[in-house]
Amino acid sequence: MLRFIIQRCLQAIPVLLLVATVTFFMIRMAPGGPFDNERAVPPEVLKHLNERYHLDDPLWKQYADYMVNLLQGDFGPSFKYPTHTVNDLIAAGFPATAELSLYAILFALVVGLTAGVFASLRSNTMQDYIPMSAAMIGICMPTFVLGPILLLVFGIWLGWLPVAGWGQIPGDKILPSVTLGFAYAAYIARISRGGMLDVLSQDYIRTAKAKGLSTARIVFVHALRGGITPVISFLGPAIAGLLAGSFVVESIFQIPGLGRFYVMAAFNRDYTLILGLTIFFAFLIVLFNLLADIVLVWLNPKVRQDLGGK
Amino acid sequence: MSANTLPTALLDSEKGRSLTQDAIARLKKNKMAMLGLFVLLFMVVIAILTPWIAPYSYEEQNLDLGASPPSAAHWLGTDTLGRDQLTRIMYGSRISLMVGFIATAVALTIGVLWGAIAGFVGGRVDAVMMRIVDALYALPFTIFIILLTVIFGSSMLLLFLAIGAVEWLTMARIVRGQVLTIKRQEFVEAAISMGLSPWRIITRHLIPNVLGPVIVYTTLTIPSVILLESFLSFLGLGIQPPASSWGSLISGGVETMEEYPWLLLFPGLVLTITLFSLNFLGDGLRDALDPRASKD
Amino acid sequence: MKALNFLFLISLIGFTLSGCGERKTLVDIGTEAQILHIGNGTEPAEIDPHTTTGMPEYHLQMALFEGLVSKHPETLEIIPAVAERWTISDDGLVYTFFIRPTAKWSNGDALVAEDFVLSWQRALSAALGNQYANMLYSIKNAEAFHLGKITDFKQVGVIALDRLTLQVTLENPTPYFLQILDHHSAFPVHLPTLLKHGRMDEAATRWTRPENFVGNGPFVIKEWTPGKVFSVQRNQYYWDAATVRLNEIHFYPIDQSLVEERMFKAGQLHKTETLPSSKIERYRQNNSPEYRSNLYFGTYYYAFNVTRKPLDDVRIRKALAYSIDREAITKHITRGGQLPTYALTPPDTLGYTPRAKMIYDIDLARKLLAEAGYPDGKGFPKLELVYNTSQDHQKIAVAIQQMWKKALNIDVSLQNQEWKVFLSNQQLLNFQIGRRGWIGDYIDPFTFLELFVTNGGNNNTGWGNSRYDELMRLSTSAKTREERYEYFHEAEQILVDDAPILPIYNYTTNYLLSQDVKGYFPNTMDYHPYKYMYLESSKKGNN
């Protein structure tokens, strides 16, 4: 197991280098530079700006310089927000994004697993249809629709909760967490129901049933382990996706997180900020996929054998 | 799956036709699934016939009328430019259904094959393939799309590829996870020991046995693909006004949901109905294709 | 499952109600404490007045800095600021400013004439990369210094005659020179603070951090958390601190106007930066006193790329320009009280209203199209209109597309582009018809007409006219206002006759303003100095 983890960590290095390299050249190919503005920048000014940020160097040299700095953990200064370094901006934005994602995933797991498991126990009855229909609606309902609806109802009409901010007014963290977690709860409900149904039809469960074990015992002791395997596979990328996808929620609720910076950086052609955030997210994605795989192995001895043996 | 079902599993490939017939028979018995199928077929037929049966032209404006609630002349109301909403939803279905099905099919094909191969072959190949998936996950999607539009212009084909290119990643991970779990089961090991080619094992034994989660995930992918399309239009890829799609109607409707709720309600409703149908059909298919389910 | 849902709902409600005992909103609390909460567009890139370009940054600079002169908040007349008075020589070339002895920096240092000399030297130094350096080009030799043709700043027409007297010599008489002094590129910066954190001509050093910052405006920085808030508090050393009544201003970076509107409704903002056009109708119908709409000194127009067929034919350009119903666009689509316009410069620009006008005449447009070889639009080649992605631009484009279809029977396709892609295509003349807009930098027709000099940096149409260029040159050395305006009228006529552009409407600013905010005056420059604003509860009874 330890060897497996070390191996995976070593594999992460080429992944991150690959991501950094591809992104570096990709953003340079995108039209429009960081200083392009509605009002044309006078050529003599542009020349000085390019010099300052070494954009007049040959591309290979810019790349080499960037990689050298990167290996020292330095993402460089932001182009759009020049008094901030990318490291500063990540440090400033990550806590809000992480906290939001954490609440959202907890909400999704609690609601989603409960609904999925209950539905699978009485498949094709009302206990199945109602939560699964709700889940379908949850999936159809993108955050950019759900967020404004929740805001309209709880923020404007009822006036119970603040409509924007993060940690500024009491209760302002509830709606964004629910909005972000809702779709994931729905996915988890559907996936866990599917996984549970698969497991419940397996022979060892039928044997357990035949032995007259209680439903609770069957579910929690025998079925759940196998049943939530697909949920775990989903969770790794989902958490990473949650971090990156929090952009919409962060914009709707005015949360000072990384997602908003990421998308704005792409639109602003803020080269260093895009790169820094991409690499940072890549790191998180690798990390969470690794965690998901570890849990997967731990839940399934046969896979463990498979991975550990090699 | 235990040893006593082994022969059936191994024979899957040999008597495919009868199994398919079997599955169809089971599907026909599932009322919800059949209802879903009919609704979807109905949608597709409407989408195809739209140019001939739409009550108005999708671009015809009536600025003096502006946004109006449902009425006898406009069953689903009109948008802020006075265009008939029913017509725009009907035309939108042509784009959205096509995007939903084709892009998902692209994602499905790549994702399932990639995940199954990685999971089955294992070892170095698995590591490299999955790390590629990790890397692709991390690339900045917005910049990727902007580049595509700049290099190739704005075409529908590109739209399918772009969406397919991002949506297959999660599919691949799910399938790989499933394959890892089942590849140590007896029927696969038996198939290996019988000397069947890896391709045959993957396509005939592994993939059919991961279909459950795959179908579930597919029914979930189609809606997100339909909505993703509106974000890509935002970046300049895909349909251009005055053409409409469900995604663009919905994202436009959100903005004015307080003032003109029908502009969000009806496109949202149509999308929801489609997804419910898909979902029922998906569940039905899943049950029908699963040999174990029939025994319950 | 149902039970669980129910439990969750109950706990949710319980949790929220517990936080709701206090009915006071952020705005109510702010009003009591003289803390203004306003939406401020995007995250400020920087606050150094010599390197920024955007409106969000300018709003902050208005609170943190002050120029030699400023504008009256209501009439926009030039009024004394750091300079208590000034004299202008008869030939209009030499300005002498007398700096008020009470002017101070926010650390207590005296503000002297030499500060302006050094600040402007910095603003004009090439290495700084100041995109607005050309605002100071009317000063003698300023352009030559900025372009590196001369290196000795003593040759530039700015000199401190004594501690509190500043003399400025201009290249040409420039009627709008005093207005430029209220532009951020003419604001003074505190050199000793700058030098503590880097070179004088170094951009993006840490001198603008809240803990380091020194300015001379009515407020100083309190907090700057990217993505969350930029807040300022009173500057006790400000010479006119007695006038300032607000204790703090909190500027929120809110990219989406829908978010702002919601925050305003929920009592989290005193003022929004904008109001989306889709929301205007509602506020209008309700006669909401919080909805404000003011004419704004800008023009929304389409530009034709005259280097591309078929737009190289002036008849085609005119046919397109004459066949759109601008009234319908402002009435049904933009809805914010915008003025339909038929020329480039907005009306009544310091007494100048363009005489030249395009017309709305479908018959004439059809005739012109037929003359150009496309009777009833037959055989009309492919034409594409591009705009940067936005619901509002899209609606206008869709409506105009339909108007052309109806009037001329031609099909024009639409293409939206992501902002930077759009900009780069416009600059490379890689388009046929492009959406444009221009907001004047100062109140003078020149700020608009200057756009279309041949190969001008913001022309981007491929169009040029030698007489037009000559008129622009002549206007800079005109002796009287009448003479200048005659040049402008002639230039505007050329623009209307040659139609490289299709003017659509003059902008308005649309926003929501709490009735608690006093000392706020509408004007065409969207100029709202914070020093005059204060808050007073407008609520009757206990609400």
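Everything that follows concerns the structure shown earlier in this document.
Let me sum up the structure you'll find in this document. (Residues numbered from 1 in each chain as written. Chains lettered and ligands numbered in written order. Predicted model: local features only at pLDDT ≥ 70, side-chain atom pairs only at ≥ 80, totals over all residues.)

### Description of the overall build of chain A
And step 1. Scanning chain A from N- to C-terminus turns up 13 helices and 0 strands.
And step 2. The order of helices and strands in chain A, counted from the N terminus, is α-α-α-α-α-α-α-α-α-α-α-α-α.
And step 3. If you line up chain A on its principal axes, its C-alpha atoms span 85 × 60 × 30 Å.
And step 4. For chain A, the proportion of its 310 residues judged to be buried stands at 53%. (Helix = DSSP H or I, 4+ residues; strand = E, 2+ residues; numbered from the N terminus. Buried ≥ 20, exposed ≤ 12 C-beta atoms within 10 Å, placed from the backbone.)

### Considering the overall build of chain B
And step 1. Helix and strand counts for chain B come out as 11 helices and 0 strands.
And step 2. In chain B, the order of α-helices and β-strands from amino to carboxyl end is α-α-α-α-α-α-α-α-α-α-α.
And step 3. Across its three principal axes, chain B shows a C-alpha extent of roughly 75 × 45 × 30 Å.
And step 4. Within chain B, the proportion of its 296 residues that are buried is 52%.

### Focus on the sheet that holds strand 7 (residues 165-169) of chain C
Residues and elements named next belong to chain C.
And step 1. Spatial strand order, 4-5-7-6: 4 strands in an open sheet with antiparallel pairing. Of all the strands in the sheet, just strand 4 (83-88) and strand 6 (158-162) have a single pairing partner and so form its edges. When strand polarity is set aside, the average angle formed by the axes of neighbouring strands in this sheet is 25°.
And step 2. Bridging between strand 6 and strand 7 involves 4 bridges; their strand directions are antiparallel. What sits directly across from Ile159, in strand 7, is Gln167. (Pairing = 2+ DSSP bridges. Axes fitted to C-alpha atoms, helices over the stretch in contact; angles between N-to-C directions.)

### Quick notes on the sheet that holds strand 9 (residues 229-234) of chain C
Residues and elements named next belong to chain C.
And step 1. Taken together, the 4 strands give an open sheet; going across it, the order is 1-10-9-8, and neighbouring strands pair in mixed fashion. Two strands bound the open sheet, and with one partner strand each, they are strand 1 (35-39) and strand 8 (219-225). Adjacent strand axes in the sheet meet at a mean angle of 20° when their direction is disregarded.
And step 2. Sheet topology note: the strand 9/strand 10 (residues 248-252) ladder contains 4 bridges and is antiparallel. If you follow Phe230 over to strand 10, its bridge partner there is Phe251.

### What about the interface of chain A and chain C?
And step 1. With 46 residues of chain A at the contact, the number on the chain C side is 47 residues.
And step 2. Going through the elements one at a time, helix 2 (43-52), helix 4 (86-121), helix 5 (126-140), helix 6 (143-157), helix 10 (229-252) and helix 11 (258-268) of chain A are the ones with two or more residues in the side of chain A that touches chain C.
And step 3. Looking at the side of chain A that touches chain C, the element that brings in the most residues is helix 4 of chain A, giving 6 residues.
And step 4. Its residues placed into classes, the side of chain A that touches chain C shows 27 nonpolar, 12 polar and 7 charged. (Contact = placed C-beta atoms within 7 Å. Nonpolar A, V, L, I, M, F, W, Y, C, P; charged D, E, K, R; others polar.)

On their own, these measurements won't tell you what the molecule is for.
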